[in-house]
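The chain contents come next:
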There are 2 protein chains.
Amino acid sequence: MARFEKVVICGVGLIGGSFALALKAAGLVGEVVGLGRRSETLEDALHLGIIDRIGADWSDALNDADMVFLGMPVGQMEAVLLSMVPYLSDHTLITDGGSTKTDVVASARAALGARIGQFVPGHPIAGAERSGPSAAQPELFQGRRVVLTPLAENSPACVDRVRVAWEACGAQVCNLTPERHDRTFAAVSHLPHLLAYALVHEIADRENADQLFSFAASGFRDFTRIASSHPEMWRDICLANRPALLAELDAYLTQLLRIRVLLASSDGPGLEILFDTARKARDAWFGGQGVTSEE
Amino acid sequence: MARFEKVVICGVGLIGGSFALALKAAGLVGEVVGLGRRSETLEDALHLGIIDRIGADWSDALNDADMVFLGMPVGQMEAVLLSMVPYLSDHTLITDGGSTKTDVVASARAALGARIGQFVPGHPIAGAERSGPSAAQPELFQGRRVVLTPLAENSPACVDRVRVAWEACGAQVCNLTPERHDRTFAAVSHLPHLLAYALVHEIADRENADQLFSFAASGFRDFTRIASSHPEMWRDICLANRPALLAELDAYLTQLLRIRVLLASSDGPGLEILFDTARKARDAWFGGQGVTSEE
């Protein structure tokens, strides 16, 4: 397995930090150089052994770098890529951990121009309850999926190199187009977040919100867990994936109106078939984990 | 504390069985008699020490009974009450564990007639992953809420007696009107179930459902946990609480359309305020439990 003699992590948070630690644990990396907006975060990452040194600037960091990992929010990627491109040499790979891909690819094309082939977009599906370098752990990606969305301009060798790095971290890597990635995550991640925020907001807005919340039990608690996610991050994801998310929202609204018709017409068999189909589909995928019938 | 010399549990499942065990543990009950549709369930309950004997029939079971607990699905309550009413003496209290209250009260009025004052409707907010008598446990109601929806015809003494029984089981008892109960649970329980079923069904219906589910992570898993609930039970709850649930569904649809406008117009600040309000409200109630930022 070809080592990465020098890896640059730009944005050493949970994901970037765990990627560095996992590559180190796999013995796949020589030196890890950290870059980022907050020097305090970089100092933390240095003391935690996540990075071996803090880069002085892009010129220093990119000199002889084999791979750059972008771990910042997707809204910042274009500016970061623009600032690094003057110092980028031909053999340096770039990859990222952004939650949306169509917008990141557009940003990368705008910033990298003819060097776009050096950028292999990615999205590791992993997380933890905490963020920042102190939450980073080498096992974060074990058994988790990483989606790569290779571009026509990427050489197979470049894509393979990024795949090998993630596989060394214990991840299962698969390829999707950026568009397919964004539609998929609009359905199984972005829309559920929107729905959970909507429910909590709808209740929080009422005069008797406190009373209502006081009767909410574990079903409500789990349903709305993702409504405790970071508002800024989710604002950015929603805006970045707007067309796909609007399409998902409309499909869901149609489904809700269909259910409303069943309910308004007291169509018991219709409701039961719908619930049963949903339960069977979910149980087939998740094994009916942790269902309580408390309500 | 006045003991219940004889308690009849009709429907000895998780809730009815746990109620019996908790009353026994509190030393508040003399004999517990079980009744139900399935003799196998009753035999199990007998062997597990949940009930002391199986009632021969209503006449036998109700003779000198202090309290009857109805533990069957709400759709069956009217028929059960009709079959027991000829054998009911003046001093026997009746209470239930049904998930909806307006419909149960209507059924009880229809079945009990002038004896309606003997029926104190209730709803213990508790559950477990398993059902049936083998899942029953005396601690099930410790620290959980029980809602009573007393009727104008109930004497304060009757209501107090039911309250005392639940408090002896470790529950926190509060009173709501049946209508307020049903509106409250439409908002914090019934609607979320409908929304979770709707999302899973919407995805399960697609050609690429398998691929979509394969990328669903813990956010989706928890959001849809309640879509693995029992379809028949939830069909009955939806139908029993139809008016309140339709009102909640419409309020939610309005909220979703409001979010759709924010998204379609790329109103980042508007989305962020909405997400932030929701997160703060949820965290205030649930302390931000178990939030992962994996997406």
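Just so it is clear, the model here is predicted, and its values are computed rather than measured.

As for the packing of aromatic side chains
Moving on, step 1. Applying the stated criterion across every chain yields a total of 19 aromatic pairs over all chains.
Moving on, step 2. In textbook terms, an aromatic cluster arises when at least three aromatic residues are bridged by ring pairs, as seen for Phe19, Phe69, Phe141 and Trp166 of chain A.
Moving on, step 3. In this structure, Arg145 of chain A is placed above the aromatic ring of Phe215 of chain B, and the distance from its NZ or CZ to the ring centre is 4.1 Å.
Moving on, step 4. When the ring centre of Phe4 of chain B is taken as origin, the NZ or CZ atom of Arg161 of chain B, which lies over that ring, is 4.1 Å away.

Topic: unusual backbone geometry
Moving on, step 1. Backbone geometry at Ser266 of chain A places phi at a positive 50 degrees, although glycine is not the residue there.
Moving on, step 2. By secondary structure assignment, the location of Ser266 of chain A is in the loop between helix 11 (242-264) and helix 12 (268-286).
Moving on, step 3. Overall, Ser266 of chain A belongs to the partly exposed group, its relative accessible area being 36%.
Moving on, step 4. A positive phi angle, close to 65 degrees, is found at Asp64 of chain B, a residue other than glycine.
Moving on, step 5. Inspection of the secondary structure puts Asp64 of chain B in the loop between helix 3 (58-62) and strand 4 (67-70).

Let's talk about the domain arrangement of chain A
All names here are of chain A.
Moving on, step 1. Assigned domains of chain A: these are domain 1 (4-175) and domain 2 (180-284).
Moving on, step 2. Distance between the C-alpha centres of domain 1 and domain 2: 32 Å.
Moving on, step 3. Taken together, the contact between domain 1 and domain 2 spans ten residues of the former and eight residues of the latter.
Moving on, step 4. Both faces combined, the contact of domain 1 with domain 2 buries some 720 Å², and carbon together with sulfur accounts for 69% of it.
Moving on, step 5. Scanning the region where domain 1 abuts domain 2 turns up zero salt bridges.
Moving on, step 6. Scanning the region where domain 1 abuts domain 2 turns up three residue pairs in polar contact (both at pLDDT 80 or more).

Quick look at the sheet that holds strand 7 (residues 122-124) of chain A
Residues and elements named next belong to chain A.
Moving on, step 1. With respect to topology, three strands assemble into an open sheet ordered 7-8-9, the strand pairing being mixed. Both outer strands of the open sheet, strand 7 and strand 9 (172-175), are each paired with one neighbouring strand and no more. Along the sheet, successive strands turn relative to each other by an average axial angle of 20 degrees, direction set aside.
Moving on, step 2. Two elements, strand 8 (residues 145-148) and strand 9, share four bridges in a ladder whose sense is parallel. Looking at strand 9, one finds that Arg145 is bridged to Gln172.

Quick word on the packing of helix 10 (residues 231-240) of chain A against helix 12 (residues 268-286) of chain B
Helix-helix packing is described using two parameters, namely the angle between the two axes and the distance between the axes.
Moving on, step 1. Two elements in contact, helix 10 of chain A and helix 12 of chain B, have axes separated by 9 Å at closest approach and are oriented at 140 degrees. Taken together, the axes of helix 10 of chain A and helix 12 of chain B are oblique relative to one another. Judged by the twist between their axes, the crossing of helix 10 of chain A over helix 12 of chain B is right-handed. Seen from helix 10 of chain A, the contacting residues are Pro231, Glu232, Trp234, Arg235, Cys238 and Leu239 of chain A; seen from helix 12 of chain B, they are Gly268, Leu271, Glu272, Phe275, Asp276 and Arg279 of chain B.
Moving on, step 2. Tallied by class, residues from the contact of helix 10 of chain A with helix 12 of chain B come to six nonpolar, one polar and five charged.

Structural notes on the interface of chain A and chain B
Often the size quoted for an interface is simply the accessible area lost on bringing the parts together.
Moving on, step 1. Contact with chain A, which involves 105 residues of that partner, is made by 105 residues of chain B.
Moving on, step 2. At the boundary of chain A with chain B, total buried surface from both sides reaches about 10,100 Å², with 66% on carbon and sulfur atoms.
Moving on, step 3. Measuring nitrogen to oxygen at the nearest pair gives 2.5 Å for the salt bridge that ties Glu272 of chain A to Arg235 of chain B.
Moving on, step 4. Put simply, the parts of the chain that give the side of chain A that touches chain B at least two residues each are strand 7, strand 8, helix 7 (178-204), helix 8 (209-214), helix 9 (218-223), helix 10, helix 11 and helix 12 of chain A.
Moving on, step 5. Among the elements that line the side of chain A that touches chain B, the one with the most residues is helix 7 of chain A, at 20 residues.
Moving on, step 6. For the side of chain A that touches chain B, a count of residues per class yields 55 nonpolar, 26 polar and 24 charged.

Considering helix 5 (residues 102-112) of chain A
Quick reminder: α-helices carry 3.6 residues per turn. Residues three or four places apart thus point the same way.
Residue and element names in this part refer to chain A.
Moving on, step 1. What helix 5 keeps buried is the set Asp103, Val104, Val105, Ser107, Ala108, Ala111 and Leu112.
Moving on, step 2. Those residues of helix 5 that are buried are in contact with helix 4 (77-84), strand 5 (93-96), strand 6 (119-120), helix 7 and helix 10.
Moving on, step 3. Just downstream of helix 5, Gly113 is the residue with a positive phi angle, here 55 degrees.

A few points about the pattern of salt bridges
Moving on, step 1. Inspection of every chain in the model, using the stated rule, returns 34 salt bridges over all chains.
Moving on, step 2. Two residues, Glu5 of chain B and Arg3 of chain B, come together in a salt bridge whose shortest N-O distance is 3.3 Å.
Moving on, step 3. Salt-bridge contacts for Arg53 of chain B lead to Asp60 of chain B; the nearest nitrogen and oxygen are separated by 2.9 Å.
Moving on, step 4. Residues joined in a network through salt bridges with shared partners are Glu31, Arg53 and Asp60 of chain A.

Notes on the sheet that holds strand 8 (residues 145-148) of chain B
Within a sheet, adjacent strands bond to each other through the backbone by hydrogen bonds, running parallel or antiparallel.
All names here are of chain B.
Moving on, step 1. Taken in spatial order, the three strands make up an open sheet running 7-8-9, and their pairing is mixed. The sheet is open, and its two edges are formed by strand 7 (122-124) and strand 9 (172-175), each paired on a single side. Taken over all neighbouring pairs, the strand axes of this sheet differ in orientation by 20 degrees on average, direction set aside.

Rules used in this analysis
- Residues numbered from 1 in each chain as written.
- Chains lettered and ligands numbered in written order.
- Predicted model: local features only at pLDDT ≥ 70, side-chain atom pairs only at ≥ 80, totals over all residues.
- Heavy atoms only, no water.
- Phe/Tyr/Trp six-rings, centres within 6.5 Å; stacked < 30°, edge-to-face > 60°.
- Lys NZ or Arg CZ within 6 Å of the ring centre and 35° of its normal.
- Helix = DSSP H or I, 4+ residues; strand = E, 2+ residues; numbered from the N terminus.
- Buried < 20%, exposed > 50% of the residue type's maximum accessible area, 1.4 Å probe, protein only.
- Domains from an automatic or database assignment.
- Contact = heavy atoms within 4.5 Å.
- Buried area = accessible area lost by both parts, 1.4 Å probe.
- Salt bridge = Lys/Arg side-chain N within 4 Å of Asp/Glu carboxyl O.
- Polar contact = N/O pair within 3.5 Å; in protein donor to acceptor, adjacent residues only side chain to side chain.
- Pairing = 2+ DSSP bridges.
- Axes fitted to C-alpha atoms, helices over the stretch in contact; angles between N-to-C directions.
- Parallel < 35°, antiparallel > 145°, perpendicular 65-115°, else oblique.
- Left-handed = near helix turned anticlockwise from the far one by under 90°.
- Nonpolar A, V, L, I, M, F, W, Y, C, P; charged D, E, K, R; others polar.

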